[in-house]
Amino acid sequence: MGCGHKDDKASLASSQIAFSHQPHQPPSTPASKEVWKKGGRMFSILLAVHLALLACTLVSSGAFEKIAVHDYDVFFLLTVMMLIVIIWIIFYLAGTSRCPDAILCKDSHAGPIWLRGGLILFAIFSLVMDVFKIGYYSSFYSCLSAIKIIYPIVQAIFVVVQTYFLWISAKDCVHVHLNVTRCGLMLTLTTNLAVWMSAVTDESVHKAHSKLKKNVTEEIFRWLLKAGMRSSSAEACNCNSQICQIFKNGYFWLYPFNIEYSLFASAMVYVMWKNVGRFIDHHSHHIHRLKFRLFRRTFFVGIVLGLITLVSGLGVLILYEVQVNSNTESSKKSQALTMYYIFNIVCLGLMSLVCIGGSVIYRFDKRDMDRHKNPTRTLDVALLMGAALGQYAISYYSIVAIVASTPRDAISALNLTYALLMIAQHTFQNIFIIEGLHRQPPKEDHKHDSHQKDLYGLTFVNINAVTLRVPDTGSTLAPSTASGTEANHLSDLVRSLTAPKKMNWRRKFLREISMFLLLSNIILWIMPAFGARPQFDNDTELNFYGDSMWPAIVDICLPFGIFYRMHAVASLLEVYIMS
């Protein structure tokens, strides 16, 4: 495998020469190189769009029973795509390891440790989900299509290979095989999105049918057995054993982790795609080595309030699941909805106020704005703004249904307040996060002269004692032998010692706000991801929009709202560390 490539060989060589002679300035690339760079990107984008449309067509068609597209057709396409991506990743790792000039620089902002750590966490749960899938489908292997067992095996290998690839290569700025690398990264991104669409569709269909299972048992039974099973022996495929039920329920409960894994991987692959062929100006591209200190320089208020919110939310989630799914009484259902709405109203109200307070504190922040080119930050902002549209849509649909419907009861009033606060909280939180991401990290203390360094080296500094020796300007108490320059010097010293203490309160409050919002977003992600979805249990929207339109709206928009919460957690962690 060669290090060069045919289409960009000459231009790359000239770029490398310029880069080596001018290490502090980006190389001057020819106009033809820039034009072909855009052409290579456009080709890879077109490839990704066509594959995404094909996958979306098959996934959406396979969700309906009357369409002659089965889920094993979807599994076959996804299996082929994942195998191609695995082969390409091996090609990429082998090619970059053999060529010393493959990676001339790295993007310090791409693939931060907390993002890669979250990716590994979701990858572990995804592997457990694949194990449960294999165990579930193996329970009635004799009447299944073989692809339904091959698919989770290939997906597990895909998760392992891709996680290793992103862990070691997320910061790479590749300069060999540019067009092949762009197409490979776009294929990887499209494959993750296709797996995400398949998981979201499968989970949504499962939850929608589980709501109707008590009334239409035979229809649900036919739906569960329709795809990938031979019609002659469909009755033999019934999942009756206890271990089969454990596998079945287990992998459906683990779907949210697999969904988040696909989205996290897609975001990291997109940043890698943007960095292909990129030269980083190390003179202006500052590398900030920030340490994550959770229990230092904090009042613990944000952590304590966040933990209280998290634990309370888990209790509300358990009670909601028990009362809504285990009872058919309308009074129990109303109590569960009331409890859910009250908790969310209080939580969203506090989060909105805290975000407003954080934005006000930023108005007094003296740190400079970070205006350097940063693909990772640009993607973070775009994902925050784009994913929030899903929850905006659900909230506005709910507001229209509640206002136009009659009669109105207490649950409708709580639902209306919940929808309005959801819109406000998303808006204020986006403003707070975006401002935090665009701030420069706190600078180190300024250099001091030898006299100041001696004083800073002391374990205890008595500021009052130093202050007593500093005469005020024009004061008669100043000794005649003390010159004005020495007095000014000591005055500057006192101000330099006391200034950091006056400035630290802003950073402390920002850290408390970030930690509270982080923990609150975790519980607001857990609740809808693991079954607490009042959109299906509240009859106002269902009666207003109908049995077909409203579930479709929720199924399309809610995954974006769930992803928003998890992405907000990652962004808030970065804001916390940068504060």
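Attention here is on the structure that accompanies the text.

Scoring rules and cut-offs
- Residues numbered from 1 in each chain as written.
- Predicted model: local features only at pLDDT ≥ 70, side-chain atom pairs only at ≥ 80, totals over all residues.
- Heavy atoms only, no water.
- Helix = DSSP H or I, 4+ residues; strand = E, 2+ residues; numbered from the N terminus.
- Buried < 20%, exposed > 50% of the residue type's maximum accessible area, 1.4 Å probe, protein only.
- Contact = heavy atoms within 4.5 Å.
- Areas by Shrake-Rupley, 256 points an atom, 1.4 Å probe, with all protein chains shown as cover.
- Phe/Tyr/Trp six-rings, centres within 6.5 Å; stacked < 30°, edge-to-face > 60°.
- Salt bridge = Lys/Arg side-chain N within 4 Å of Asp/Glu carboxyl O.
- Core = buried A, V, L, I, M, F, W, Y, C linked by side-chain atoms within 4.5 Å.
- Domains from an automatic or database assignment.

## Focus: the overall build of the chain
Scanning the chain from N- to C-terminus turns up 19 helices and two strands. Relative to its full complement of 579 residues, the chain shows a buried share of 50%. By sequence separation, contacts in the chain at least 24 residues apart represent 89% of the contacts at least 6 residues apart. In the structure as shown, the chain presents an accessible area of about 28600 Å², 65% of it carried by carbon and sulfur atoms.

## A word on the packing of aromatic side chains
Applying the stated criterion to the full structure yields 29 aromatic pairs. Judged by centre distance (6.5 Å) and plane angle (45°), the rings of Y137 and Y251 are tilted. Residue Y137 is located in helix α4 (residues 113-138), and its partner Y251 is located in helix α8 (residues 242-253); the two are separated by 114 residues in the primary sequence. The same class applies to Y137 and to Y251, which are both buried.

## Thoughts on the pattern of salt bridges
Evaluated as defined, the whole model comprises two salt bridges. D172 is the partner of K106 in a salt bridge, and the nearest nitrogen-oxygen pair spans 2.6 Å. Pair noted here: K106 is in strand β1 (residues 103-106) and D172 is in strand β2 (residues 172-174), with a separation of 66 residues, a long-range link. Judged by its relative accessible area of 43%, K106 falls in the partly exposed class. Residue classification places D172 among the buried positions, given a relative accessible area of 3%.

## Quick notes on the nonpolar core
Formed by 133 residues in total, the largest nonpolar core has its most connected members in F432 and W525. It is helix α19 (residues 549-578) that contributes the most residues to this core, 16 residues altogether. Looking at this core, you find at least three residues from each of domain 1 (39-216 + 240-287) and domain 2 (302-441 + 504-578). Residue contacts for W525: discarding those within four places in its chain leaves F122, P256, F257, E260, F530, I562, R565 and M566.

## Here we look at unusual backbone geometry
Although it is not a glycine, H177 sits at a positive phi angle of roughly 50°. Judged by relative accessible area, H177 falls into the buried class, the value being 16%.

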